[in-house]
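The residues making up each chain are set out below.
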Amino acid sequence: MEWASQLCENRGLGSKMTDSKYFTTTKKGEIFELKAELNSDKKEKKKEAVKKVIASMTVGKDVSALFPDVVNCMQTDNLELKKLVYLYLMNYAKSQPDMAIMAVNTFVKDCEDPNPLIRALAVRTMGCIRVDKITEYLCEPLRKCLKDEDPYVRKTAAVCVAKLHDINAQLVEDQGFLDTLKDLISDSNPMVVANAVAALSEIAESHPNSNLLDLNPQTINKLLTALNECTEWGQIFILDCLANYTPRDDRESQSICERVTPRLSHANSAVVLSAVKVLMKFMEMLPKDLDYYGTLLKKLAPPLVTLLSAEPELQYVALRNINLIVQKRPEILKHEMKVFFVKYNDPIYVKLEKLDIMIRLASQANIAQVLAELKEYATEVDVDFVRKAVRAIGRCAIKVEQSAERCVSTLLDLIQTKVNYVVQEAIVVIKDIFRKYPNKYESVIATLCENLDSLDEPEARAAMIWIVGEYAERIDNADELLESFLEGFHDESTQVQLQLLTAIVKLFLKKPTETQELVQQVLSLATQDSDNPDLRDRGYIYWRLLSTDPVAAKEVVLAEKPLISEETDLIEPTLLDELICHIGTLASVYHKPPSAFVEGGRGVQHKRLPARAGSGESAESPDVGQAVSAVSDAPPAVIPSQGDLLGDLLNLDLAPPTSNVPPVPSSMQMGAMDLLGGGLDSLLGGDVGGSPAMGVSLGGAPVGMPAGLGAAPAVGGGLGDLFDLGGGVGVTAGSYIPPKTVWLPAMKAKGLEISGTFARRSGVIHMDLSFTNKAMSVMTDFAIQFNKNSFGLAPAGPLQVLTPLSPNQTVDVSLPLSTTGPVMKMEPLNNLQVAVKNNIDVFYFSCQYPISLLFVEDGKMDRQVFLATWKDIPSENEAQFQIKDCHLNSDAASNKLQGSNIFTVAKRTVDTQDMLYQSVKLTNGIWMLAELRIQTGNPNSTDLELSVKCRAPEVSQYVYQCYELILRN
Amino acid sequence: MIGGLFIYNHKGEVLISRVYRDDIGRNAVDAFRVNVIHARQQVRSPVTNIARTSFFHVKRSNIWLAAVTKQNVNAAMVFEFLYKMCDVMTAYFGKISEENIKNNFVLIYELLDEILDFGYPQNSETGALKTFITQQGIKSQLQTKEEQSQITSQVTGQIGWRREGIKYRRNELFLDVLESVNLLMSPQGQVLSAHVSGRVVMKSYLSGMPECKFGMNDKIVIDKQGKGGTTDEAGKSSGKQSIAIDDCTFHQCVRLSKFDSERSISFIPPDGEYELMRYRTTKDIILPFRVIPLVREVGRTKLEVKVVIKSNFKPSLLAQKIEVRIPTPLNTSGVQVICMKGKAKYKASENAIVWKIKRMAGMKESQISAEIELLPTNDKKKWARPPISMNFEVPFAPSGLKVRYLKVFEPKLNYSDHDVIKWVRYIGRSGIYETRC
């Protein structure tokens, strides 16, 4: 104990607890000194030295130079020292891979130690050392530990498989660890089961297509049994895993719910929330008239309320989740308004969330209480909170009509307080109340006008100007009021300028005699002195309207406005459903899908709620979706094994082509076949063999393929190459058509090879297919059918295949498609499952179509509508993408995109950046808005930035893929 | 899962940093310091996202604990884990302070290695942890094989919270029913919201693996028994005394499925002190005190405040540690107070008049009046009038909860339920007990 007494003297530390001294050593030559101490003969001195090293490491100093010396201390029977050395190893092994090898022997030896704690420690640490060479040595000890007699070692080994998978996924698969891990789900020890479930869930996330977590009623039963026995954390792992399962029917769903509900009484909030997630999800499947459904709803409320007495951070998580639950199932908490009342000492984040939920729960029954509370909050200190409270009063007025009058008078009271931001916020919401209940509360305008001077925020100024303009005829001095704003017109924000322009025009139309001068003034300000295009355009429109036809102007400007709706900031339903599947997790805290904040592909697959029983497609679980999307590389037999899907596909009308379609003159087709080389086949394939409809569309196609290509059959086969080129050039005017790819290889379809692509020509979607017979016998009786898909694609006519197809012959067919078929959401969205039949068998394959196929020709949006829609779509629906290395200027890009029905609505240039605002409409009526930013100043920066906004955000990613595809080709 | 765990002092210096996942780099340590600790503003959210990395943070006195992740983790679990981490540290070395953390950093690393594996929380029951994380540097040879396997089977086992072979000469248990009663009352005396959140804390010193059964005057249980019982009278009398529990949660030792089906609370308790259950009630709460405020503004520079408190429980009982906190405006220049009982003082630093009464019997009332002089200000914003809050302690359960029995069975050892010495105590404390004025 020499060192200790010395140190105590030096630093005046008397007690035994003096580890803190390690934090204070910052001398020169420290590393050298440490090195000497590490190599000391005295055990205690060694240990002290290692402690110092760890302390330096913690504060961020680089002590990697001591690597060999520290590793030398590893061979010890002192567990504490060993753990410290391991800690050091985990930190620095990556930077010193060669030396880390020195440690392997000790690890391997420790894995054989009689003490299970040591065995587990070794395997746990080894998994944390991310050095390839070490992982090789890890396999054997890990295999042993997975089968260790001691559960403590097994539960550690289970997690270690996940670690190893993170370093080297292939190795884990090759070594068969996944199967061992699956076996551990049946382990007798609940904690081993829980860790195995956690590890498998994690691995499955990075392999969305594997059926790794093979959840079936037997495994579910095992999990439910383990649930009752394992630690609180284990229960969370198991519940989170259960939430990914989709029961086969409502009975199974109910029986799982019954076994999960006891968890709602667990002291750990995370267990409770994960149980809520499972119940919320499985409840979807229960028929609403079932008694149990009602019981379950009742059982959910108390635990959710209890979460609000947890620590503030957990309250926050709970409130964010309750916000979702209230939107999905308002009935659960409708009587619990009081618990969301804000407490004076709540942290601000809890207050804001409670307020949000209060508004959602507000109804006629409780509105009096709510209003009294809100009024109380409006006098608090925190500015954000007060603003939100004032805004909430306005929302109550709009939501509960009976309360509107009380709300307005409350707002007037608040305006009397003269607190600047309260007044401004109140005016903004009063404007909304006016829009909801026109001609009812105009008596308050006088009070509002008194506060005109104190308004300094654009939103409030704009709101006030709107009110003055809208009710100009009742405000005696409306002209003076508006004129006062006009003085600083150019300093106002655009929002205010636009409002002012409109308000003065309204005023003029109502009181033309006195305000002529004013309107002239504002029109000239807007059109001549402003460089804002929106303002200028609006100014010109008014100007022309007023000068040519004042009556029409009156009709337009003073038209009756549509009423605003009750609920404004609801989460879009598909996103809400997805978030319900993520209850308890970060996604539910951010109210964003995981893909919005998680890098890489891990865990970002979309989750969906199961369909209610009896709707016909009940068993469509995420797992099935994954399996189906993998169908192109899995054996085709996957589809028939899928219950309901099987039905859909086998109900196919697989009869030979009906005869009411005029037969194609075979001689012509054969001729074309002979003339054209393979390369051209794929380019022209559809047209040549095409249906009559195709022929017509080719002739008059404004945006389709250049008509010149129609002459192709006359050209010799030698021109194939040239045409490939020509095709490339010609297509710039039309939509881009990707080259054909093999969809169904011959070896999987008894000799039938199908390759194909999709194209949109003259507003008609075509599936261009090439059938090649690689078998020895003749094929006949071709027919085709699609499974339900995201956009309802279906063949518009029967498949026209020249029969019979003799061996080694290829035939090209263009199949027109309609979008009126049955709809079912696929994963990925643009996945299409196809069944093709011939005289030999039925074959299944799946392919993915570019979503640009679905962009319709009338997808150009009006500029104003575009602006309004852009603002209207919540910003969490916005997705950002980058298109790298694209050497296009904005005009070229715009032209290219227009060919695929992506229309440029407006273009703006700021500094060296062109911004294109574009709109797209899908066949199912969904609009997508995009902003494409192109650098013009710097020739080296060739990256384009794309933001896509859509009410169905899951489409955005596919739109981006189309941009990428179109702009690059 | 959790990618890393950092502990900082109030200056933002790292005291502990343990990284579990490869996607978390050293720069995350600094990002949190710069963006949250040094931000020097009120925390607007306990979850902060910086450059696609999410930080979950809690603060204990001056110490920040932050869990970091880049994945879509179970957020509730992360916070629960952070609290648990605090509990474990407190159980090992007392208060969480910079000094204690520095003094025990080796122990903390050892704990972090044990209770979090690859970011997955593992058994974190202090009872179990203390059997093998001892800071003694156990030499593996010293433990017998039986001891080792006993440790591992306890850590991973079904009853991870209790070890076998515990022996006491005297079998004894203490039950504390601790309630905090929360109230928000309008100035007119209308109850805006009131609830009791209660805890049943048990200290058990029992030998072997005792099977326990806990009973209280839960309305559902009593009604059920009343229906099944023979005499109507029993049903009537017990019905009056039973209470409606809105919701309750249990320590992980309680068999939840049994509670769900039979509403009976049965368990094998951990050794020593732990929290058996938590509950919440909102009906028929006994509000121990009523606060009647009267605030009058006399001109712009003076406020007159009169507050009456009335105790509302049996005269034979005594409330203790009574404290009434009357907020004063920020521009207060002077205060004169007169009170009939206890001591009252104006505390300028807290912007409040604090009135303390040591003891007060039931069915009594007391009064304080104060004159507050204000400095004239041109601040347009009105004083927010924070509510008057109250603290107290009473020797009964405001929810009306009564412990009916706690039966102990230990089939293997030779002691019976009668041999166990049992103590029950009720304490009602104020939670957030506020009256608006």
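Conventions and cut-offs
- Residues numbered from 1 in each chain as written.
- Chains lettered and ligands numbered in written order.
- Predicted model: local features only at pLDDT ≥ 70, side-chain atom pairs only at ≥ 80, totals over all residues.
- Heavy atoms only, no water.
- UniProt positions renumbered as here; feature names shortened; annotations may be inferred.
- Helix = DSSP H or I, 4+ residues; strand = E, 2+ residues; numbered from the N terminus.
- Contact = heavy atoms within 4.5 Å.
- Areas by Shrake-Rupley, 256 points an atom, 1.4 Å probe, with all protein chains shown as cover.
- Core = buried A, V, L, I, M, F, W, Y, C linked by side-chain atoms within 4.5 Å.
- Buried < 20%, exposed > 50% of the residue type's maximum accessible area, 1.4 Å probe, protein only.
- Axes fitted to C-alpha atoms, helices over the stretch in contact; angles between N-to-C directions.
- Parallel < 35°, antiparallel > 145°, perpendicular 65-115°, else oblique.
- Left-handed = near helix turned anticlockwise from the far one by under 90°.
- Nonpolar A, V, L, I, M, F, W, Y, C, P; charged D, E, K, R; others polar.
- Salt bridge = Lys/Arg side-chain N within 4 Å of Asp/Glu carboxyl O.
- Patch = residues over 30% accessible without salt bridge, like charges linked within 9 Å, V, L, I, M, F, W, Y side chains within 5 Å.
- Lys, Arg positive; Asp, Glu negative; His and termini not counted.
- Charge placed at Lys NZ, Arg CZ, Asp CG, Glu CD.

As recorded in an unreviewed UniProt entry, chain B goes by MHD domain-containing protein and comes from Pygocentrus nattereri. Database annotation for chain B, UniProt heading Subunit (unreviewed entry): "Adaptor protein complex 2 (AP-2) is a heterotetramer composed of two large adaptins (alpha-type subunit and beta-type subunit), a medium adaptin (mu-type subunit) and a small adaptin (sigma-type subunit)."

Enquirer: Which residues make up the overall build of chain B, and what are the values?
Expert: Along chain B, the regular secondary structure elements total 9 helices and 23 strands. By sequence separation, contacts in chain B at least 24 residues apart represent 71% of the contacts at least 6 residues apart. Surface accessibility of chain B: about 19,700 Å² in total, with carbon and sulfur atoms responsible for 49%.

Enquirer: So what about the nonpolar core? Which residues, and what values?
Expert: Counting residues in hydrophobic clusters, the biggest one holds 283 residues, and the most contacted among them are Tyr88(A), Leu142(A), Leu333(A), Phe434(A) and Phe56(B). Those residues in contact with Tyr88(A) that lie beyond four places of it in its chain are Val53(A), Ile54(A), Met57(A), Val63(A), Ser64(A), Leu66(A), Phe67(A) and Val70(A). Core analysis: the second largest hydrophobic core is formed by 64 residues, Trp743(A), Phe782(A), Leu799(A) and Phe843(A) among them.

Enquirer: Pulling in residues and values, what's your account of the packing of helix α12 (residues 177-184) of chain A against helix α13 (residues 190-206) of chain A?
Expert: Residues and elements named next belong to chain A. Put simply, α12 and α13 touch, their axes get as near as 8 Å, and they point 140 degrees apart. One way to sum up the angle between α12 and α13 is to call them oblique. The way α12 lies across α13 gives a crossing that is left-handed. In contact with Leu-178, Leu-181, Lys-182 and Leu-184 of α12, α13 contributes Val-192, Val-193, Ala-196, Ala-199, Leu-200 and Ile-203. Counted by class, the contact of α12 with α13 contains 9 nonpolar, no polar and 1 charged residues.

Enquirer: Provide a residue-level description of the pattern of salt bridges, including the pertinent values.
Expert: Residue and element names in this part refer to chain A. Evaluation of the coordinates by the stated rule reveals 74 salt bridges over all chains. Here Glu-425 ties to Arg-391 by a salt bridge, and the two come within 2.4 Å at their closest N and O atoms. One end of the pair, Glu-425, is in helix α24 (residues 420-436); the other, Arg-391, is in helix α22 (residues 383-399), and 34 residues separate them in sequence. For Arg-391, a relative accessible area of 32% puts it in the partly exposed group. The partner of Asp-891 in a salt bridge is Lys-907, with the nearest N and O atoms 3.8 Å apart. With Asp-891 in helix α41 (residues 890-899) and Lys-907 in strand β10 (residues 903-910), this residue pair connects regions lying 16 residues apart in the sequence. The structure contains a network of salt bridges with shared partners spanning Arg-387, Arg-391, Glu-425, Glu-457 and Glu-459.

Enquirer: Any chance you could break down a positive patch on the surface for me, citing the residues and the numbers?
Expert: Residues and elements named next belong to chain B. Side chains of Lys-343, Lys-345, Lys-356, Lys-358 and Arg-359 sit close together on the surface and give a patch of like positive charge. At the level of elements, β18 (343-347) and β19 (352-361) are the ones that each hand at least two residues to the positive patch. Mapped onto the secondary structure, Lys-358 falls in strand β19.

Enquirer: Quick rundown of unusual backbone geometry? Include the residues and the values.
Expert: A negative phi holds for most residues other than glycine; trans holds for most peptide bonds. For the bond running from Glu827(A) to Pro828(A), omega is -5 degrees, close enough to zero to count as cis. Its place among the elements puts Pro828(A) in the loop between β6 (810-818) and β7 (831-837). Even without being a glycine, Ser61(B) presents a positive backbone phi close to 45 degrees. Here Ser61(B) is to be found in the loop between β4 (53-60) and β5 (63-69). Residue class for Ser61(B) comes out partly exposed when judged on its relative accessible area of 49%. With a phi angle near 50 degrees, Asn351(B) is a residue other than glycine that sits in the positive phi range. Take Asn351(B): it is sitting in the loop between β18 and β19.

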